[in-house]
Every structure is written in C-alpha cells, then in structure tokens.
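Residues per chain are reported as follows:
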Amino acid sequence: MIVQIAPCYINLDIETGGVANVVRQICLALNEHRIKTILICGNTELGKEVAQSQVIQYSDYLTIYIVAQKSHPLLGSSDPIRKALTSIGYISVMHVHTCFSVICDASLQYAFRSKIPYIFTPHGKLSPGMFGHQKMIKLPYFYLRLKKYLNRVTEIVVCSPDEAQYVRELGVLAKISSIYNGYQKSKASMVSESIKFVASQPYLLFLGYLEPRKQPDLLIRAYKQSQVCGKFKLVLAGPDAYGFSDELQSLVSSLGLSNDVILTGRVSGYDKWWLIENSIGLFLPSIGEGWPVVLAETIGAKVPMVISKSCNFSEINQLGLGIEVADFSESSWAAAINKLCFDHELYTGFKRNLTTHSAAFSWTEITKQWINLYTGIINEATT
C-alpha cells in the first residue's frame, strides 16, 4: 500500500495548480497502473475550507481520506490524521508532500515512529524565499522537530537539483534526489472568446497566482521600461486568491498601461494551454518557489521563458530553454524582455532546444520515475 500525504484538498477530477496538481498526477498514475494507493489530504484550499471530512472510494485501487486541516502546525489536533493512518494497517511506503502543517508533520512523525519507509518532498517549503516567511517561527520549529524526521527519511525527493542545495544547507543528511514536475497537454477544444481576444497582437505571459511572492508588479514595471512596451501586450493570467489584483490594476493605471496590460483571472484546461502555446514567452520573476509546474507546461508548449533564480531551474542555461535573470532589478528584467523578444537567433535556438527536450517533462515520463522510485523502495524493504 502506497500512502500519499498532502496538506491541501486534492480533487482528482479537476485540473489544479501547485502541490495539488503534482499529487493529483501521481495518484492518477498509480491508479492507472493498478497500484493500491491511499491519498490522505486536507479539506482546505489556500486556507479556505472546500470539502468535508470523509472517506471516498475513488476506484478499486485508490481511496481518498479527507481530513480537517489547520493553517499552522501548532494549531489544532493531529488526532484525525493519526486515526486515518492507524486505520490503514500495513503501509509499504509513505510519501509526504511539504511540511509546516498538522497533516504533513504528524505523518512524518508517524512514519518515523512506526519505522515505515517514507519519502519527503518539500515543494519549495525549505527554499529561502518561502522558508524565510515567518522564519523566526519556522526555524526553531524545524530544528527542534522536523529535522530529526528528515534525517531518518528513506529519501528526500526535491523538484529540481537546485532545491537540494537548500535542504543540505539546513544540515539534513538524508539521501536526496530530484524529480521534476510535469505537464499534460490539454485536449483541443473551443477556446473562450475572452482568451482569444488576448491574442489580437503578440503578448508576453505571466501565469500563476497573483501574489506578492511571484512579483507580477515587478514584471509590470520592467515591461514599462522595455522596448516591447507599446508593441506587445503583457498578459497576467491567474487567480486573485490573495487580493492583489486591485493593487496591480492601480499600478497599471498609474503607469499609463491600461491598454497594454491584461488581467485574465483564473484560466484552466485548453484555455490555459492555448494561452501558453500562443505567447511569445513566459515571464516569472518569483522570489520563492519549489519548481513551478508552469515551467514544465511551458516546456511542453515549446515556449521560451524568462525566470528568476528563485525558480530553481539553473539547468535552463545548460539546456538552452530560456533566460535566467540573476537579480530582481527592473532594469535587468527589462533587458531580459528585450533580449528574448528581439534576438531572433537566440529565440530560434530556444525553440529548437525546447522541441528536443519537451517530451522528457511530460507527466507520463515524470510519473514513471515516481513509480520506479516507490517500487524500488518497496522491493528493498522486502528483501
């Protein structure tokens, strides 16, 4: 029995983002391969309750336990998650996605004490940009509680090789490997008229939650400084789950960009895929990430990207898939925008390399790596 642990609600039938999307794809692949799996997930999304605590028999091979989740590891009881784990019986391997939550941290403790083989994936929670938020609380909690569980983990699997460095710098000694996130191309269908309107002229694309950590405001100011402004549009696509869009709209207005910057709101399915595929490039100046799923989706769409170092994809230079910007100055990002949009030879090279590497980032290939890892751990434990 393979047990997947996630702090947020996982809807297996609907495309999601972030950690939920990764866990969803892994569970669906395990189910497709008829591997007995239990998913234990929280009942919240971005801090809001979206589901009731219950047990759902998704298929003959996949069962879902939805348990109440609190926003902070020191809040609320860990009894629901412990009861769920105890009721399962024999567990071959447990995979815990992220930390600093009641569900995940109690699961790490349970696996540690029960001597169950367990895997941990931080999904960026231990990278400087995310770990630094509330660091005065997180740091002592990490060293007093979490570190001992991570030192005894069977394997830590990060989303990219860059992320492994952050884990090592915290003094964690366990085995660390990396498996990228993936993409699944949406089936062709009718594109929403509102999304079609976006492509009335060439556009740069930001895709993700509209939140300060991802810095769409920096991108707007850099776009204003660039030579692209007035020639191409800037499209900001993603949900306003953090109430940041009003501030962005005010910035757009103050810079005189009301006719140049478009906020689409949440996009999903073929609308999202079409929006990526028809853009000039993806631009993500985030200060805190694991390895964003949107990078895999952009590679799958064979579209070049401009990203920050905090996206943890330094291999972008080696593979030649886009530009990594070393800092967060508006002038550096404006220069990168100009370079991607106006250096035809460079852009053509990126497109050629993306065609070469795109298949390796599909969820089909990525989930094969996960299944091989689980199988290897289970076989080793039984011999």
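Described in the following lines is the structure provided in the data block. Keep in mind it's a predicted model, so treat the numbers as computed, not measured. (Residues numbered from 1 in each chain as written. Predicted model: local features only at pLDDT ≥ 70, side-chain atom pairs only at ≥ 80, totals over all residues. Heavy atoms only, no water.)

### What to know about the overall build of the chain
Along the chain, the regular secondary structure elements total 15 helices and 16 strands. In summary, the chain has a C-alpha radius of gyration of 21 Å against a globular reference of 21 Å for 383 residues, a match within 12%. Based on the C-alpha atoms only, the size of the chain along its principal axes is roughly 60 × 45 × 40 Å. Of the charged side chains in the chain, 35 are positive and 31 negative; the average position of the first set lies 6 Å away from that of the second. (Helix = DSSP H or I, 4+ residues; strand = E, 2+ residues; numbered from the N terminus. Rg over C-alpha atoms; globule rule 2.2 N^0.38 Å. Lys, Arg positive; Asp, Glu negative; His and termini not counted. Charge placed at Lys NZ, Arg CZ, Asp CG, Glu CD.)

### Remarks on the packing of aromatic side chains
Aromatic ring pairs are reported here in terms of the distance separating the ring centres and the angle at which the planes meet. One pass over the structure, following the stated rule, counts 15 aromatic pairs. Considering the side-chain rings of Phe 131 and Phe 142, the 5.9 Å spacing of their centres and the 70° angle between planes classify their relative orientation as edge-to-face. Residue Phe 131 is located in helix α4 (residues 128–131), and its partner Phe 142 is located in helix α5 (residues 135–151); the two are separated by 11 residues in the primary sequence. Taking the relative accessible area as the measure of exposure, Phe 131 reaches 5% and is therefore buried. Given the relative accessible area of 0%, Phe 142 is considered buried. With a centroid separation of 6.0 Å and 25° between ring planes, the pair formed by Trp 370 and Tyr 374 is classed as stacked. Here Trp 370 and its partner Tyr 374 are both found in helix α15 (residues 363–382), 4 residues apart, which amounts to about one turn of the helix. In terms of burial, Trp 370 and Tyr 374 fall into one category: buried. Among the aromatic residues, those joined into a ring-pair cluster are Phe 100, Phe 131, Tyr 141, Phe 142 and Tyr 143. (Phe/Tyr/Trp six-rings, centres within 6.5 Å; stacked < 30°, edge-to-face > 60°. Buried < 20%, exposed > 50% of the residue type's maximum accessible area, 1.4 Å probe, protein only.)

### Quick word on the sheet that holds strand β1 (residues 2–6)
Taken together, 8 strands build an open sheet; the order of strands is β5-β6-β2-β1-β7-β8-β9-β10 and the sheet is mixed. On the outer flanks of this sheet lie β5 (54–57) and β10 (176–178), each paired with one strand and no other. On average, each strand axis in the sheet is tilted by 20° relative to the strand beside it, whichever way the strands run. (Pairing = 2+ DSSP bridges. Axes fitted to C-alpha atoms, helices over the stretch in contact; angles between N-to-C directions.)

### Observations regarding the pairing of strand β14 (residues 281–284)
Residues in a regular strand point their side chains to alternate faces of the sheet. The two faces of β14 match: Gly 281 and Phe 283 on one face and Leu 282 and Leu 284 on the other face are all buried. Note: strand β11 (residues 203–207) against β14, 2 bridges, orientation parallel. When the sheet's bridge partners are listed, Leu 205 is paired in β14 with Leu 282. Chirality of the crossover, the property in question, places the unit of β14, helix α11 (residues 293–300) and strand β15 (residues 305–308) among those that are right-handed. (Right-handed = clockwise from strand over helix to strand, strands pointing away.)

### A word on the pairing of strand β12 (residues 233–237)
Within β12, 5 of the 5 residues are buried, which leaves it mostly tucked inside the rest of the structure. The alternating pattern of β12 places Lys 233, Val 235 and Ala 237 on one face and Leu 234 and Leu 236 on the opposite face, and all of these are buried. Where β11 lies against β12, 5 bridges are found, and the strand directions are parallel. What sits directly across from Leu 205, in β12, is Val 235. Regarding topology, helix α8 (residues 216–225) serves as the crossover connection from β11 to the parallel β12, and that connection is right-handed. Relative to strand β13 (residues 261–265), β12 runs parallel, the two being bridged by 4 bridges. Looking at β13, one finds that Leu 236 is bridged to Leu 263. In the classification by handedness, the crossover that spans β12, the intervening helix α9 (residues 245–254) and the parallel β13 is right-handed.

### Quick notes on the packing of α8 against helix α13 (residues 330–342)
One way to put it is that α8 packs onto α13 with a least axis distance of 8 Å and a crossing angle of 65°. Once α8 is placed against α13, the crossing between them reads as right-handed. Residues Leu 218, Leu 219, Arg 221, Ala 222, Tyr 223 and Gln 225 of α8 lie in contact with α13, whose contacting residues are Glu 330, Ser 331, Trp 333, Ala 334 and Ile 337. Of the residues belonging to the contact of α8 with α13, the class tally is 7 nonpolar, 2 polar and 2 charged. (Left-handed = near helix turned anticlockwise from the far one by under 90°. Contact = heavy atoms within 4.5 Å. Nonpolar A, V, L, I, M, F, W, Y, C, P; charged D, E, K, R; others polar.)

### Concerning the sheet that holds strand β16 (residues 322–325)
Note: strands within a sheet are paired through backbone hydrogen bonds, in either parallel or antiparallel orientation. If you walk across this open sheet you meet the 6 strands as β13-β12-β11-β14-β15-β16, and the pairing is parallel. Edge positions in the sheet fall to β13 and β16, since each has one partner strand and no second. Ignoring which end each strand starts from, the neighbouring axes of this sheet average 25° apart. When β15 meets β16, the two strands line up parallel, connected through 4 bridges. Each residue of the ladder has a partner; that of Met 305, found in β16, is Gly 322. In the packing of α13 onto the sheet, the strands contacted are β11, β14, β15 and β16, and the crossing angle to β16 comes to about 170°.

### Overview of the environment of Gly 17
With respect to the element layout, Gly 17 can be found in the loop between β1 and α1 (18–32). Sequence separation between Gly 17 and Cys 104 is 87 residues, and the spatial gap between their C-alpha atoms is 19 Å.

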